[in-house]
Amino acid sequence: MPGKPYYGIVGNGETCALISPKGSVEWLCLPRFDGKIVYSRALDPRRGEAADLKILENGKEPILQGSSQRYVNRTAVLQTTLSFGSIVAELTDFMPFNQESLFRQQKVLFRIIKIRNEGQNAADVEVKIYSGISTEKHRDVKEGVQFADDISIGFVFYGQPTM
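Draft legend 1. Focus on the layout of surface pockets. Of the volumes computed, that of the second largest pocket is approximately 250 Å³. Forming the boundary of the second largest pocket are 13 residues, of which Lys22, Leu53, Glu61, Leu64 and Phe84 lie nearest the centre. Going through the elements one at a time, strand 5 (52-57) and strand 7 (78-84) are the ones with two or more residues in the lining of the second largest pocket. Top element by residues in the lining of the second largest pocket is strand 5. It accounts for four residues. In terms of residue class, the lining of the second largest pocket is made up of six nonpolar, two polar and five charged.

Draft legend 2. Layout of the packing of aromatic side chains. This model, assessed by the stated rule, comprises one aromatic pair. On the numbers, 5.1 Å between centres and 15° between planes, the contact of Phe94 with Phe110 is stacked. Here Phe94 is found in strand 8 (residues 87-94), whereas its partner Phe110 is found in strand 9 (residues 107-117), with 16 residues between them in sequence. For Phe94, a relative accessible area of 25% puts it in the partly exposed group. The buried category is assigned to Phe110, whose relative accessible area is 17%.

Conventions adopted
Along every chain, residues carry numbers that run from 1 in the direction the sequence is written. Selection of residues for local features in this predicted model requires a pLDDT of at least 70, selection of side-chain atom pairs for listing and counting requires 80 or more, and totals for whole chains, interfaces and linings are taken over all residues. Values reported for side chains reflect all heavy atoms of the structure, with hydrogen atoms and water molecules removed beforehand. Note on definitions: the grid is 1 Å and covers protein atoms alone; a cavity is a set of points where a 1.4 Å probe fits but cannot get out; a pocket is an open set with protein on both sides within 12 Å along at least five of seven lines; lining residues have an atom within 4 Å of a point. Grid points are joined across faces, edges and corners, and a volume is the space filled by probe spheres set on the points. Strands are runs of DSSP state E lasting at least two residues, helices are runs of H or I lasting at least four, and both sets are numbered from the N terminus onward. The nonpolar class holds Ala, Val, Leu, Ile, Met, Phe, Trp, Tyr, Cys and Pro. Asp, Glu, Lys and Arg form the charged class, and all remaining residues, Gly among them, are polar. Centre distance within 6.5 Å is the pairing criterion for rings of Phe, Tyr and Trp, where only the six-membered ring of Trp is used; planes under 30 degrees apart are then read as stacked, over 60 as edge-to-face, and the remainder as tilted. Three labels apply to residues, based on accessible area from a 1.4 Å probe with only protein chains included: buried if under 20% of the type maximum, exposed if over 50%, partly exposed otherwise in between.

Rendered as structure tokens:
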């Protein structure tokens, strides 16, 4: 009997994020563990928010056929691979330590998304990222990115320290 899939975790010693086996960011507090809760679906699946990723192939949502998570070569860099038949999504999540770095004043979760079409036929593939967050300066965007070839997308979640 297969075991229950668990969350992957990435962190920087001051905060962390929980990444589900389906690639959703389901827990994140910024800028520290005792900071504001950004995503909380890990605690409350019905009411909690998450950063979700949706893949559409030729306008339809393909069936997730498999997923795996691993840490890259003895690091805290988490790689989640999602297989949808001929479409493969590879998500790479990490939080840099902030000592003497460009992001010292901000706590950052980086996500890089790489999509590959391993099928014989070219397909129209859309990637939709739902942040679950809307503020005066940010609106959740529901449009996707269309492409026929392999593509990489990167985005950053960040929070500034509270005084």
